[in-house]
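# Geometric and topological summary
The chain contents come next:
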Amino acid sequence: MRESKNAIALLITVMFVIVITVAIGFGLKQVNSAAKIIKDENFMYQSSVIVEDVLNILKNSADIARAADSNSSDELFILLSSASFIPFESSGVEIILKLHSARAKFNPAQLDANTSQAFVNYLTNNMINSQYLDILLDNVSGIKEDNSYNSAIFEENPYLFRDYIASAKHLQIINDFYSQEYNDNSLEKINLKNLFYFTQDKNISIDLNYATTEVWELLLGTTKERAEFLSINAGTYTDDDSLNLDTNELEKLHKFKTSFFEPFLLVEIEIRQNNSISNIQFEYDIKNKKGSNFVYEI
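It should be emphasised that the depicted structure is a prediction, and the values quoted were computed from it without experimental measurement.

Adjacent strands of a sheet pair through backbone hydrogen bonds, lying either parallel or antiparallel. Read from one edge of the open sheet, five strands run E1-E2-E5-E6-E7, paired in antiparallel fashion. On the outer flanks of this sheet lie strand E1 (85-90) and strand E7 (290-297), each paired with one strand and no other. Each neighbouring strand pair of the sheet contributes to a mean axis angle of 20°, computed without reference to strand direction. Note that strand E5 (residues 264-273) and strand E6 (residues 276-285) share ten bridges and pair antiparallel. Each residue of the ladder has a partner; that of Ile269, found in E6, is Ile280.

Laid out in structure tokens, this is it:
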């Protein structure tokens with residue numbers, strides 16, 4: 001009888017230990033989860049502080065002020081050539097700051113009667129179905145009460161934003177739909193990252209001193225080799241004559257909003273601390289000393 005009681009007591013003790021072990025394990029899991037949340041929140045806070053610091057640096061930079069005051073493409077080119085990549089470290093946090101022109105690419109929100117045909121020609125030259133244009137137009141045309149869209153993208157993605165293409169992730173959803181709908185992977189042939197710039201501002205101009213090869217292909221409907229040549233000469237353009245384009249090329253160019261000096265920087269910040277990484281991007285107006293179009297990926 002006593003052995004039976006001892007066995008029961010031992011069983012109860014074992015069960016009690018198991019319960020405690022499970023409870024402690026669950027508690028530790030919750031603590032680790034809470035610790036990770038706190039760590040992520042601290043990293044987000046650090047990232048926000050760093051962005052504020054970068055903004056202050058930009059606002060107080062004599063080089064940037066000189067480029068803004070000069071109203072000169074030469075000064076802006078010197079600035080971006082000398083400060084395009086800046087790595088530094090602070091309190092164990094690794095930071096990489098990159099500065100580019102924010103007007104080197106084409107905003108798909110500007111697709112209209114003047115630019116759509118040029119875009120179709122660009123697609124055709126790269127063996128891409130022209131229906132891709134229809135899908136893009138759907139995503140920059142806003143909500144239509146009569147549901148008169150060119151494609152079925154919103155049937156599969158009913159909550160997809162459609163006032164303008166807001167980010168690279170938004171574009172990826174569009175591209176995935178196109179690839180599946182038409183069983184076509186031809187979009188992989190072109191570098192859309194070098195072609196498109198995402199902003200809700202439909203009135204921006206492309207700075208021809210920084211236009212990418214892909215953008216020149218779009219603007220002129222020309223070959224990649226010709227586009228590369230025009231892109232390599234960045235920083236030397238001051239007017240139409242300096243471009244050395246023929247009459248037909250100029251006619252195509254003038255269908256787009258272009259300029260030879262656009263005082264807007266694209267600021268990219270990569271922040272690393274241990275296993276945490278954040279990528280932050282925003283546009284900086286060097287004349288008005290103002291940041292906008294912030295995108296955070298943490």
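Here the focus is empty space enclosed by the protein. Scanning all chains against the criterion turns up two cavities of 30 Å³ or more. One number sums up the size of the largest cavity: a volume of about 40 Å³. Lining the largest cavity we find Ser101, Ala102, Arg103, Ala104, Lys105, Tyr197 and Leu266. Taken together, the residues that form the lining of the largest cavity break down as four nonpolar, one polar and two charged. In this structure, the second largest cavity encloses a volume near 30 Å³. Looking at the lining of the second largest cavity, the elements that each hand over two or more residues are helix H1 (2-59) and helix H2 (62-70). Class assignment for the residues of the lining of the second largest cavity results in five nonpolar, one polar and two charged.

Attention now moves to H2. Taken together, the buried positions of H2 are Ile64, Ala67 and Ala68. The arc that holds every buried residue of H2, seen down its axis, measures 95°, which confines them to one face. In H2, the exposed positions angled more than 90 degrees off the buried face are occupied by Ala62 and Asp69. The N-cap residue of H2 is Ser61: its side-chain oxygen and the backbone nitrogen of Asp63 are 3.4 Å apart. A positive backbone phi angle near 55° is found at Asn71, which sits one or two residues after H2.

Quick look at unusual backbone geometry now. Positive phi is not limited to glycine here, since Asn71 has a value of about 55°. If you trace the backbone, Asn71 turns up in the loop between H2 and helix H3 (73-82). Not every positive phi belongs to a glycine, and Met127 is a case in point at roughly 60°. Of note, Met127 is situated in the loop between helix H4 (116-125) and helix H5 (131-138). Exposure remark for Met127: the relative accessible area of 61% places this residue in the exposed category.

Conventions used here
- Residues numbered from 1 in each chain as written.
- Predicted model: local features only at pLDDT ≥ 70, side-chain atom pairs only at ≥ 80, totals over all residues.
- Heavy atoms only, no water.
- Pairing = 2+ DSSP bridges.
- Helix = DSSP H or I, 4+ residues; strand = E, 2+ residues; numbered from the N terminus.
- Axes fitted to C-alpha atoms, helices over the stretch in contact; angles between N-to-C directions.
- 1 Å grid on protein atoms, 1.4 Å probe; cavity = no way out; pocket = protein on both sides within 12 Å on 5 of 7 lines; lining within 4 Å.
- Points joined across faces, edges and corners; volume = space filled by probe spheres on them.
- Nonpolar A, V, L, I, M, F, W, Y, C, P; charged D, E, K, R; others polar.
- Buried < 20%, exposed > 50% of the residue type's maximum accessible area, 1.4 Å probe, protein only.
- Arc of directions from axis to C-beta.
- Polar contact = N/O pair within 3.5 Å; in protein donor to acceptor, adjacent residues only side chain to side chain.

None of this, on its own, says anything about what the molecule does.
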